[in-house]
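Below, each chain spelled out in residue letters.
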Amino acid sequence: NEHLYFSARVNDLLYPGLVEALETIKIHSIQIGVECGYDEGLRRISKGITIEAVEECAEKLSKSTLNKNAFFKYIIGFPWETVDYCLKTMSFAQYLYEKYGSSNSFSPFILFPGSSIWNDRRQYGITIDKEYFDDFHIIERLALLPQIRPLINKDRWFSILPGNEHLAQFRH
């Protein structure tokens, strides 16, 4: 009666026979990290996949019993992204849903000390330092998160977030 929850990589799910083997296990959900819905973004984060591979994975899952338990996970608002790039990612996810019935999930990019983007933050115009994280309560600081997305102003950021109507209270 146990059900597994796990994360997977696109390239792993494309490995011959893996999806078929996973179909024999009781799986509650599989989170598949895609992050970006465009090849340039995937290269910038060194993801090691292409949009073509993501679509191939979605197609493969659509032909299996795992499709109802799998979801592709995206991050929107990387420091170099404009609104157009965020919408491109969201449009790609929508395309996979319409063509393959793929479920999708979105999270805003959150900068963490020690990451490669943190180390390069100044080149993106990000001026926050480690002290920003000393008393980090996501609900109280949600309105500050657009500071790490210098190419998207705060009002525009809240307008593109999925579920933005629930976040309106944090605009100020």
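These notes cover the structure that comes with them. Here the structure is a predicted model, which is why all the values come from computation and not from measurement.

1. Some details on helix H4 (residues 51-62)
With 12 residues, H4 should cover 16 Å at 1.5 Å per step; its first-to-last C-alpha distance of 16 Å lies within 8% of that length. If you check which residues of H4 are buried, you get Ile 51, Ala 53, Val 54, Glu 55, Cys 57, Ala 58 and Leu 61. Buried residues along H4 sit against helix H1 (10-13), helix H2 (18-22), strand S2 (27-35), helix H3 (39-44), strand S3 (70-76) and helix H5 (83-100).

2. Structural notes on the packing of aromatic side chains
With the rule as written, the count across this model stands at six aromatic pairs. Ring centres of Phe 78 and Trp 80 lie 4.9 Å apart, and the angle between their planes is 10°; on these two criteria the pair is classed as stacked. Accessibility expressed as a relative area gives 6% for Trp 80, which makes it buried. Put simply, the rings of Phe 78, Trp 80, Phe 109 and Tyr 124 touch in pairs and so form one group of aromatic residues.

3. Considering the pattern of salt bridges
Counted by the stated rule, this structure contains five salt bridges. Measuring nitrogen to oxygen at the nearest pair gives 3.5 Å for the salt bridge that ties Lys 99 to Glu 55. Placement of Lys 99 in helix H5 and of Glu 55 in helix H4 is noted, with a sequence separation of 44 residues between them. The network of salt bridges with shared partners includes Arg 121, Arg 122 and Asp 129.

4. Here's the deal with the nonpolar core
Formed by 39 residues in total, the largest nonpolar core has its most connected members in Val 10, Leu 13, Ile 32, Val 54, Leu 61, Phe 72 and Leu 96. When contributions to this core are tallied by element, the ones reaching two or more residues are H1, H2, S2, H4, S3, H5 and helix H6 (116-119). The greatest single-element share of this core, amounting to six residues, is contributed by H4. If we ignore the near neighbours within four places in the chain, the residues touching Val 54 are Val 10, Val 34, Ile 49, Phe 72, Phe 92 and Leu 96. Counting residues in each nonpolar core, the second largest holds five residues, with Ile 76, Val 83, Cys 86 and Met 90 among its members.

5. Section: the environment of Phe 106
One can find Phe 106 in strand S4 (residues 103-108). Sequence separation between Phe 106 and Ile 75 is 31 residues, and the spatial gap between their C-alpha atoms is 5.7 Å.

6. A few points about the environment of Asp 12
Mapped onto the elements, Asp 12 comes out in helix H1. Owing to a relative accessible area of 42%, Asp 12 belongs among the partly exposed residues under this scheme. Along the backbone, Asp 12 and Cys 57 are 45 residues apart, and their C-alpha atoms lie at a distance of 9.4 Å.

Calculation notes
Residues numbered from 1 in each chain as written. Predicted model: local features only at pLDDT ≥ 70, side-chain atom pairs only at ≥ 80, totals over all residues. Heavy atoms only, no water. Helix = DSSP H or I, 4+ residues; strand = E, 2+ residues; numbered from the N terminus. Expected span 1.5 Å × (residues − 1). Buried < 20%, exposed > 50% of the residue type's maximum accessible area, 1.4 Å probe, protein only. Contact = heavy atoms within 4.5 Å. Phe/Tyr/Trp six-rings, centres within 6.5 Å; stacked < 30°, edge-to-face > 60°. Salt bridge = Lys/Arg side-chain N within 4 Å of Asp/Glu carboxyl O. Core = buried A, V, L, I, M, F, W, Y, C linked by side-chain atoms within 4.5 Å.

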